[in-house]
Amino acid sequence: MKLITAIIRERQLDKVREALIEADIKRITVSRVSGHGQQRVEEMYRGQIIVPDLIPKVKIEIAVNEEFVKITVDTILLAARTNGPEGSVGDGKIFITPLEECIRIRTGERGGSAI
Amino acid sequence: MKIISKKSLFLLVLFFSATSGLYAADGVAIDSGATAWMLTSTALVLLMVPGLALFYGGLVRTKNVLGTIMHSFIAMGIISLLWVIVGYSMSFGSNVLGGWFGWNPDYFFLKGIDTSIMSAGIPEYVFSMFQGKFAIITPALIAGAIAERVSFKAYCFFIALWSVLVYNPLCHWVWASDGFLFNIGAKGAIDFAGGTVVHISAGVSGLIAALYLGARRGYPYQVIRPNNMVLVMLGAGLLWVGWFGFNAGSSISSGLSTAQALVATQVAAAAGAITWILIEAFHQGKATALGFASGILAGLVAVTPAAGVVQPYGGVILGVLASIICYMAIQLKNKLGYDDSLDAFGIHGVGGIVGALLLVFFVRPSWMSEAATAAGGSWSVWNQLGIQALAVGIAVVYAAVMTFGIIYLLNKFVPFKSTEEEEMAGLDKSYHGERGYGMLNAN
């Protein structure tokens, strides 16, 4: 089991969600986050150029069994990229971490079948 | 049509001899009571615009809250200026171009009414500003049908053109002393405070615009929820309060007819709201806050054309019927699948038509007997219903055709619909570079 954590652009959320659902990956957790990355945004506000110190992003967390890791990652890669296939700075990152255990609260069942 | 126009010509002469001084009387004493109430009403109607901004703003998704609020606020800017330059003149000047709209050089930039006191005893400035607020809120209502997917720039051009080409002519026909709908039949088409001029025209135009633009991305499969119901309820409350200026102010006086309109307005809103949540409770099992707000609006919209001529029981029945029919209209919309995002047509278009037609069954007997006298003998409810249906039909067809024409031509110069990227990023970021909640951090 793996936990896939993707940090993506806010505005790509709809696309990523639609693509994931299309790929039959329907159990996801989404939260609003903000942070620093390589991306440096300059925004014009009230005639002044400002550089926001924390850039808003969306974090998607998906727990999957091994055989779904590739399809999940590929789907996110494709849907979260902006500016065509080459992408652009700020499109985000994907982290994959080993998942020690997964327990369904309702039944108490453990492991791969609980995902 | 022939017979009607002959009759109306005669009435026109009658009317002119009676009220020719109405819009340009000098040397009339100011009625401070009436003026004070009309100033208050003017402010109340303006209050409805931020009310509408909150109502619509709360109903959209977080990424569109400011863009949607701006749809109402920008109307306060654009239409206020247009109204002073040409709007008042086109609406309340004398017939030109065969009565298509009015014109009076004195009203250009309002330069000729600096000292004008109307025969109602109020400065003409007050009347022109009061009417100007109606011109502001009407195009802002349309924004509800095309929310979350319209380019800000195109919207600005659209409301400017729509106000000049649709609102001003309709306002002239229905409310100017020489407008043809004002003089049709025995005592004119009944539109006390803007059922046809404001609500039907905005609702129908919204429907056309929504159909032209197509649905939002993901509609109807993706659930699109309101970002802030608290704003929605605040907005609906402000609209209800402001509606007293809208309806009771439309008596252009401070007296008996003002009080009559005020009572009809209050009971229609209450009846509409209660009816809506009762329907919901039976149909869906829960009475929602949004349902209550929708019912308030349906009732208020339906009583708008009727406020001056119906008694309280009529207001109650109109409110009840408006909620029932608007509720069904929205169910039908969900079945048909077109994206009238915030139900501008479902509430304002349908509610306005309900009010404008059904009001004839509740008209005060005194009004009917005056109409009978004016018609030279008898004037039945059915005669008046014919007149109302004609006025509604004209408003629907005119608004629909002109709106389609405006959008079709405008779209050739400024793309009307947001691009997919703009829509996904949200109107706030795409057009205003701001966020509704927290400037920098989404949390």
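Going by the structure above, here's the rest.
1. Things to note about the overall build of chain B
When helices and strands are counted, chain B shows 15 helices and two strands. Here chain B has a C-alpha radius of gyration of 21 Å; the compact-globule value for 443 residues is 22 Å, and the two agree. With the C-alpha coordinates aligned to their principal axes, the bounding extent of chain B is approximately 65 × 50 × 45 Å. For chain B, the proportion of its 443 residues judged to be buried stands at 55%. At a minimum sequence separation of 6, the contacts of chain B that also span at least 24 residues come to 80%.

2. Structural notes on the nonpolar core
Leu52, Ala268, Leu318 and Leu359 of chain B are the most contacted members of the largest nonpolar core, which totals 145 residues. Formed by twelve residues, the second largest nonpolar core is a distinct cluster that contains Ile4, Val16, Ala79 and Ala80 of chain A.

3. Description of the sheet that holds strand 1 (residues 2-8) of chain A
All names here are of chain A. Taken together, four strands build an open sheet; the order of strands is 2-5-1-6 and the sheet is antiparallel. What marks the edges here is a single partner per strand, and that holds for strand 2 (29-35) and strand 6 (92-98). The sheet shows a mean angle of 25 degrees between the axes of neighbouring strands, direction not considered. Judged from the seven bridges that link them, strand 1 and strand 6 form a sheet pairing that is antiparallel.

4. Examining unusual backbone geometry
Residue and element names in this part refer to chain B. The amide bond that connects Tyr219 to the next residue, Pro220, takes the cis arrangement and shows omega of 5 degrees. With respect to the secondary-structure elements, Pro220 resides in the loop between helix 6 (195-213) and helix 7 (229-248). Even without being glycine, Ile252 reaches a positive phi, approximately 50 degrees. Tracing the backbone through its elements, the reader meets Ile252 in the loop between helix 7 and helix 8 (256-284). Residue classification places Ile252 among the buried residues on the basis of 20 C-beta atoms within 10 Å.

5. A word on the packing of helix 7 of chain B against helix 9 (residues 289-303) of chain B
Residue and element names in this part refer to chain B. At their nearest, the axes of helix 7 and helix 9 sit 10 Å apart, and the two run at 20 degrees to each other. Considering their axes alone, helix 7 and helix 9 lie roughly parallel with respect to each other. Judged by the twist between their axes, the crossing of helix 7 over helix 9 is left-handed. Between helix 7 and helix 9, the contacting residues are Met229, Val232, Met233, Ala236, Leu239, Trp240 and Trp243 on the first element and Ala289, Leu290, Ala293, Ile296, Leu297 and Leu300 on the second. Its residues placed into classes, the contact of helix 7 with helix 9 shows 13 nonpolar, no polar and no charged.

6. Overview of the packing of helix 4 (residues 124-142) of chain B against helix 5 (residues 152-175) of chain B
All names here are of chain B. Between helix 4 and helix 5, whose axes approach to 10 Å, the crossing angle comes to 115 degrees. By crossing handedness, the relation of helix 4 to helix 5 is classed as right-handed. Facing helix 4, whose interface residues are Ala135, Thr138 and Pro139, helix 5 presents Ile159, Trp162, Ser163 and Tyr167. Each residue belonging to the contact of helix 4 with helix 5 can be placed in one class, and the counts come to five nonpolar, two polar and no charged.

7. Brief notes about the environment of Pro56 of chain A
Residues and elements named next belong to chain A. Locating Pro56 in the fold gives a position in strand 5 (residues 55-64). Classification of Pro56 as partly exposed rests on a count of 19 C-beta atoms within 10 Å. In this structure the C-alpha to C-alpha distance between Pro56 and Ile8, which are 48 residues apart in sequence, comes to 9.4 Å.

8. Concerning helix 9 of chain B
Residue and element names in this part refer to chain B. Its 15 residues place the ends of helix 9 21 Å apart at the C-alpha level, agreeing with the 21 Å of an ideal helix rising 1.5 Å per residue. Within helix 9, twelve of the 15 residues are buried, leaving the element largely enclosed by the surrounding structure. Those residues of helix 9 that are buried are in contact with helix 6, helix 7, helix 8, helix 10 (312-336) and helix 11 (344-358).

Thresholds, definitions, all that
- Residues numbered from 1 in each chain as written.
- Chains lettered and ligands numbered in written order.
- Predicted model: local features only at pLDDT ≥ 70, side-chain atom pairs only at ≥ 80, totals over all residues.
- Helix = DSSP H or I, 4+ residues; strand = E, 2+ residues; numbered from the N terminus.
- Rg over C-alpha atoms; globule rule 2.2 N^0.38 Å.
- Buried ≥ 20, exposed ≤ 12 C-beta atoms within 10 Å, placed from the backbone.
- Contact = placed C-beta atoms within 7 Å.
- Core = buried A, V, L, I, M, F, W, Y, C linked by C-beta atoms within 7 Å.
- Pairing = 2+ DSSP bridges.
- Axes fitted to C-alpha atoms, helices over the stretch in contact; angles between N-to-C directions.
- Parallel < 35°, antiparallel > 145°, perpendicular 65-115°, else oblique.
- Left-handed = near helix turned anticlockwise from the far one by under 90°.
- Nonpolar A, V, L, I, M, F, W, Y, C, P; charged D, E, K, R; others polar.
- Expected span 1.5 Å × (residues − 1).

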